[in-house]
Structure formats: C-alpha cells, structure tokens
Amino acid sequence: MRILYRGMLSVLMLWATMAVGATELSDRLGGLPQVGRLTVLQSVDKLEKLVFHVRQQLDWEDAGAGTFEQRVIVKHRGFDRPTVLVTEGYGAAYAMNPSYQEELSTLLDANLVFVEHRYFLDSTPFPCDWQYLTVKNSVGDYHHIRNLLRSIYPGKWFATGISKGGQTALFYRTFYPDDVDGTVSYVAPLNRSLEDGRHEPFIEGAGVPTQRARIRDFQLETLKRREALQPMFADYCRSKGYTFRVPVSEIFDLAVLEYSFAFWQWGDKVEQIPSAEDSDSIYYRHLIAKCEPSYFAQQTPYTPFNVQAMRELGYYGYDTKPFEAYLSVPHAEGYMRRVMIPDSLSYIEFDASLYERVNSFLANEDCPMMFIYGEYDPWTATGVTWLEGKRRMHVFVEPEGSHKARIATMPEEVQKEIKEILRVWCE
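What this report covers is the structure whose coordinates are included nearby. (Residues numbered from 1 in each chain as written. Predicted model: local features only at pLDDT ≥ 70, side-chain atom pairs only at ≥ 80, totals over all residues. Heavy atoms only, no water.)

What sets the pattern is the α-helix's 3.6 residues per turn: residues three or four places apart point alike. For helix H13 (residues 353-364), spanning twelve residues, the distance from its first C-alpha to its last is 16 Å, which sits close to the expected 16 Å at 1.5 Å a residue. Here H13 has its buried residues at Leu354, Tyr355, Val358, Phe361 and Leu362. In an axial view of H13, the angular spread of the buried residues amounts to 130°, which keeps them on one side of the axis. When the buried face of H13 is taken as reference, the exposed residues oriented beyond 90 degrees from it are Glu356 and Asn364. Against helix H4 (135-148), helix H5 (164-175), helix H11 (303-313), strand S9 (369-374) and strand S10 (393-398) lie the buried residues of H13. (Helix = DSSP H or I, 4+ residues; strand = E, 2+ residues; numbered from the N terminus. Expected span 1.5 Å × (residues − 1). Buried < 20%, exposed > 50% of the residue type's maximum accessible area, 1.4 Å probe, protein only. Arc of directions from axis to C-beta. Contact = heavy atoms within 4.5 Å.)

The next subject is the packing of H4 against H5. Contact geometry for H4 and H5: axes closest at 9 Å, N-to-C directions at 75°. When the axis of H4 is compared with that of H5, the two are roughly perpendicular. On H5, the residues touching Val135, Lys136, Val139, Tyr142, His143 and Arg146 of H4 are Thr168, Phe171, Tyr172 and Phe175. Looking at the contact of H4 with H5, its residues break down into six nonpolar, two polar and two charged. (Axes fitted to C-alpha atoms, helices over the stretch in contact; angles between N-to-C directions. Parallel < 35°, antiparallel > 145°, perpendicular 65-115°, else oblique. Nonpolar A, V, L, I, M, F, W, Y, C, P; charged D, E, K, R; others polar.)

This part is about the side chain of Ser185. Residue placement: Ser185 occurs in strand S8 (residues 182-186). A distance of 2.8 Å separates a polar side-chain atom of Ser185 from the backbone oxygen of Gly166. The residues touching Ser185, leaving out its near neighbours within four places in the chain, are Gly161, Gly166, Gln167, Met370, Phe371 and Ile372. (Polar contact = N/O pair within 3.5 Å; in protein donor to acceptor, adjacent residues only side chain to side chain.)

Another point: the packing of aromatic side chains. Inspection of every chain in the model, using the stated rule, returns 28 aromatic pairs. Seen from their ring centres, Phe233 and Phe252 are 5.4 Å apart, and the 85° between their planes marks the pair as edge-to-face. Linking Phe233 in helix H8 (residues 226-240) with Phe252 in helix H9 (residues 248-265), this pair joins segments that are 19 residues apart in sequence. Aromatic side chains Tyr315 and Trp379 sit 5.9 Å apart centroid to centroid with 50° between the ring planes, which places their arrangement in the tilted category. Taken as a pair, Tyr315 in the loop between H11 and helix H12 (335-340) and Trp379 in the loop between S9 and S10 lie far apart in primary sequence, 64 residues in all. There is no split in this pair, since Tyr315 and Trp379 are both buried. If you follow Lys164 out to its NZ or CZ, it ends over the ring of Tyr90, 5.5 Å from the centre. (Phe/Tyr/Trp six-rings, centres within 6.5 Å; stacked < 30°, edge-to-face > 60°. Lys NZ or Arg CZ within 6 Å of the ring centre and 35° of its normal.)

A few words on the environment of Pro82. Looking at the element boundaries, Pro82 is found in the loop between strand S4 (67-76) and strand S5 (83-87). In the structure, Pro82 is positioned 84 residues away from Gly166 in sequence and 20 Å away in space, judged by C-alpha atoms. When residues no more than four places from it in sequence are discounted, the contact partners of Pro82 are Leu108, Asp109, Ala110, Asn111, Lys156 and Phe158.

H13 packs onto H5 with a crossing angle of 70° between their chain directions and a minimal axis gap of 10 Å. By the angle between their axes, H5 is roughly perpendicular relative to H13. Contacts between H5 and H13 involve Leu170, Phe171, Arg173, Thr174 and Phe175 from the first element and Leu354, Arg357, Val358, Phe361 and Leu362 from the second. Its residues assigned to classes, the contact of H5 with H13 comprises seven nonpolar, one polar and two charged.

Buried residues dominate strand S6 (residues 111-115), accounting for five of its five residues. Two strands pair when backbone bridges link them, and S4 and S6 are joined in this way by four bridges, in the antiparallel orientation. Residue pairing in the sheet places Val72 in a bridge with Val115 of S6. Of the strand pairs in this sheet, S5 and S6 are connected by five bridges, and their pairing is parallel. Its bridge partner lying in S6, Leu85 is registered against Val113. (Pairing = 2+ DSSP bridges.)

What follows covers H9. Spanning 18 residues, H9 covers 25 Å between terminal C-alpha atoms, matching the ideal 26 Å at 1.5 Å per step. Along its length, H9 shows its largest kink, about 35°, at Tyr259. With respect to burial, H9 is a largely interior element, 17 of its 18 residues being buried. (Bend = angle between axes of the 7 residues up to and from the residue.)

Right under this line is the structure:
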C-alpha cells in the first residue's frame, strides 16, 4: 500500500499565501472553537482553498490524555453545496498542491474537506505516544471535524478515501454510520490478520500464465545473480543513508519477494521486465525502480502505517516456496515485526476485533456505500467484493485494473451506472 509522500516544505510554502484574506469562509472557520493557523492556498481552478489545524483529543475516551493538532484542507464551492470528506490514510502534503483534484468532489461539484491522518506529517503528536494510534481514535477525529463543520456546510456529506484512506472511510462509516450520506471507498482491503494469507494465491492467479512466468523468471534470475546485484543494492542503500534492523541480504530477499506484489498493484507491463540476456546493471536498476528499499529501512516514513498494520489493519505475506533455494533466510514469516517495526514496539499483537466488527457491519447493514477495485490489484484479494443481496451497497471492479482503479478508469457503461447512483445519493 505504498503511497509516497509528495512535497517538500519549501515547495509547500510556495503553494501558500501566508496572509488570510477576509472572506466569509475564513471568517466562519476562524470563529470555530479549536481551529487555528488558517492559511490561504493556491488553486488552479480559482476556488477558495484554505489549510488550517484542528485541536483533537489523543484519546476520545479520555480527555485527560492530551491533545494534538490535525491538518485539514478545505476547497470551497458553496455553502449550499454537498461536502466530500476525504479520510486520508497518510499525509496531506500532496493535497496542498494547487493542481490537486479529488474525483468525487469534482463529480458532485462539492466542497472538499481533506483531513490528514493522525500521526502522519503535520498531524503527528508530540511526544509521539503510539498507544493512541488506533482506528477508534482516528475515526473519532473525522467525527469531530464533521460536527465542527456542520454549521458551515449543512448539506449532504460524503466520505471517501483511497487505499488506506479507503479503509479509513469504511471504518468511519462502521463506527459512525449516520455521519455521512454516502461512502465511496477506493481499493480498500479488509485484512483479517497480520499476514492474511489471501494475497499470495491471488497473485498466483493474476493476469495470464505468460505474464506470471515472466515475473517469476525475473525474481529467480535476480536471486541467482545475488553475487553481482547485492553489492550494487547495498551500495545504493549506503548512498541513501538507509539502515536496517536485519542484514542487507535479507532486505535484498524482501525486495525481490515484494516485486510480484508491486507489479500487479501498480499495473506494470511485462514488456518492461528485463530478460535473461540483459545485464546486471539493468536488473539492478529495474529492481530499485520497482521495489525501492526505503520501504524496509529504519528511515521509512511508513512507521505509523506499520504500527497500525501490526495492531489491527493487517497486511500480507510472501510465498517463498519457489525461491527457497536462493534466499538468504529460510522463510519470510513475521517479516514486518522483525524488519519494519521499532524494537520498542515489538510487543504489539494483532487484534482481529476490528476486522470482526467491520465484517459484521457489512453483513448486517445496507447503507449507501460504494467499493471500487482493480481486478489484478493484490489488495482486491482482501477487498469488500463479497457483498450479495444488498440494495444500497455496490461493488465495482475494473477489468484488469490495478490499485489505480477509479470511477474514471471504469468502462463507460459502468461509469454511467456509478454516476446515476451518486445522483440518487445527492437527491
């Protein structure tokens, strides 16, 4: 679920105008309790766009636990328009870009309220106490913002998110089913354990046999060329300042094992995969391009996600059987705990109660929700694709699609069906 952070501080400053002009929106936002640091943002569509911070409780069941500030971005279309709440699963830096457009708010001509997830980027508590990074607390953040902005935007509200943000939209609907009038969840998994077990066989059936063979041949050939490639790989890691909790030989293994997942997740083309006749340098560059090792480094920006995966979101494992003769370790079981979690947090155990609660909600409720997936995206293996007999819950799968599946990537007839559903939701 690699969503890379986009934007440097210097770039973000270029996107912002430090003085907030007096507008009705800024006046009303500035008058709300717990709202501060309003800044005007540029927007290529000339709509009014602001970023501000909301003071949130660390623990929504214990006000004495302390508070933190959460970053929120608003793009305003009208006080009489519907509002789309983006339940972002990671950082919000990319939404500050003047050219950023969100699909659902554009389709509905709606206001956009984009909320950065707690513990990411500008919304990280200080000190960073990981015990409060739970789904229950994170959806409490969105619930608070929804209520805070209710008087400004009294019309219909919709929640949406992509990938981990899509998960968050689903969780938000589960915990607060009456907060929004509709939910559009993109490419969102619902994992039942830390290494769920459904992703590996899914990958074994993705695409066609010739594609799968080409991918596996690359992985095997890369491992066979370890003597030549691993030193290049290690030099690259040193040049970037990466350090790891395990030997670099195991990181090399994990990058190769990750390759098939990454290939199908991002909808790559087999024509891009090196052949057996290609040089070591071509193999090395292709592996780094597709499976950049910072993902497994101690310097990764994904630690908050890894903590959540360990605690209750779950993740995926690797099928090592085809590669056992060439790996530096006998298996990859428990790799997240061993490689991707700080030693101080290794005590965390996976709790399946979130999965059970959400699964029960989906089975027993029928509220306006839409799930969008890509046919070949490995996250679809644990997606909400099993719904049957529902009248107001809908699932759409893009043929041969990837983690980039959106409404706009669906076949034309499916897009028409989706837009009609959205129209009904807005009535």
